[in-house]
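Chains, contacts and geometry: an overview
Now for the letters of each chain:
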Amino acid sequence: MRKPIIIGVTGGTGSGKTTVTRKIIEEFGDVSLAYIPQDAYYKDQSHLTMDERALTNYDHPLAFDNDLLSDHIRQLLDGESVQMPVYDFTQHNRAEETIRLEPKEVIIIEGILIFFDKELRDLMDIKVFVDTDDDIRIIRRIKRDMAERGRSLDSIIDMYTSVVKPMHEQFIEPTKKFADIIIPEGGSNNVAIDLMTTKIRSIIPDDLKTD
Ligand code: UZR
Ligand code: MG
């Protein structure tokens, strides 16, 4: 197998990076593709109590096990399968189960801090930053965390102002300079998604495309 193409999609919380990633994946129904959310690589916190876990700064680069993430990408590049961790947001912890990922022709990595770590960055062929206004991002974050991650409005707002926003400014926003492509307004930007998928398709060798 040829070296897989590695695409990184980043942006702040609620920017629409998961939606952009999902749309790219839909476009590539005919190409074998692996999806790796950086969220899956939050560090294992089994040794901490729930109260202690609530004190972790999840928007800091050190919250992620990037060594494991890089190792797994390298293993996939070497044609080996990996056991990807699963993260449980309601428990602030790694779940018991893992997901087996097989090596694929295209690997998409998505997450808030995937451009921070140089080693990870250097593994990527195409780097995308989804750039969405802060007010839109917080509105989306509130809706999602209440619906999907079991949070109250007050806790989301407290977390956002005390941690998420300052960490975004300190660690996430500065990684925009590493992007090859900046997509404004995320998932609703169909022109940008179309341009990107055309580009990605152009670098996938024809004989790797299966129908
Ligand atoms: P996305 N996060 C949690 O809320 N709980 C956890 O256990 C782990 C992470 C949040 C994290 C970050 N911040 O802003 C967000 N906090 O998940 C990143 N607090 O995920 O890119 O999907 O928004
Ligand atoms: Mg997301």
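Residues numbered from 1 in each chain as written. Chains lettered and ligands numbered in written order. Predicted model: local features only at pLDDT ≥ 70, side-chain atom pairs only at ≥ 80, totals over all residues. Heavy atoms only, no water.

Considering the pattern of salt bridges
Across all of its chains, the model carries 14 salt bridges by this definition. Taking the shortest distance from any N to any O, the salt bridge between aspartate 71 and arginine 74 comes out at 3.2 Å. Here aspartate 71 and its partner arginine 74 are both found in helix α3 (residues 66-77), three residues apart, which amounts to about one turn of the helix. Assessed through its relative accessible area of 32%, arginine 74 is described here as partly exposed. Here arginine 74 makes a salt bridge to glutamate 119, at a shortest N to O gap of 3.0 Å. Within this pair, whereas arginine 74 is found in helix α3, its partner glutamate 119 is found in helix α4 (residues 118-122), the two being separated by 45 residues in sequence. (Salt bridge = Lys/Arg side-chain N within 4 Å of Asp/Glu carboxyl O. Helix = DSSP H or I, 4+ residues; strand = E, 2+ residues; numbered from the N terminus. Buried < 20%, exposed > 50% of the residue type's maximum accessible area, 1.4 Å probe, protein only.)

Describing the packing of helix α1 (residues 17-27) against helix α7 (residues 190-203)
For the pair α1 and α7, the least separation of the axes is 10 Å and the interaxial angle reads 50°. Judged on the interaxial angle alone, α7 and α1 are oblique. For α1 against α7, the interelement crossing comes out right-handed. Taken together, the residues of α7 that come into contact with α1 (itself represented by Val20, Lys23, Ile24 and Glu27) are Asn190, Ile193, Met196, Thr197, Ile200 and Arg201. In the contact of α1 with α7, the residues fall into five nonpolar, two polar and three charged. (Axes fitted to C-alpha atoms, helices over the stretch in contact; angles between N-to-C directions. Parallel < 35°, antiparallel > 145°, perpendicular 65-115°, else oblique. Left-handed = near helix turned anticlockwise from the far one by under 90°. Contact = heavy atoms within 4.5 Å. Nonpolar A, V, L, I, M, F, W, Y, C, P; charged D, E, K, R; others polar.)

Some remarks on the packing of helix α5 (residues 134-148) against helix α6 (residues 153-172)
Helix packing geometry: the angle between the two helix axes and the distance between the axes. Orientation of α5 relative to α6, taken along the N-to-C sense of each, is 135°, at an axis distance of 11 Å. What the angle tells us is that α5 and α6 run oblique. Crossing of α5 over α6 shows right-handed handedness. Judged by residue contacts, Asp134, Arg137, Ile138, Arg141, Ile142, Asp145 and Met146 of α5 engage Leu153, Ile156, Tyr160, Val164, Lys165 and His168 from α6. Its residues placed into classes, the contact of α5 with α6 shows seven nonpolar, one polar and five charged.

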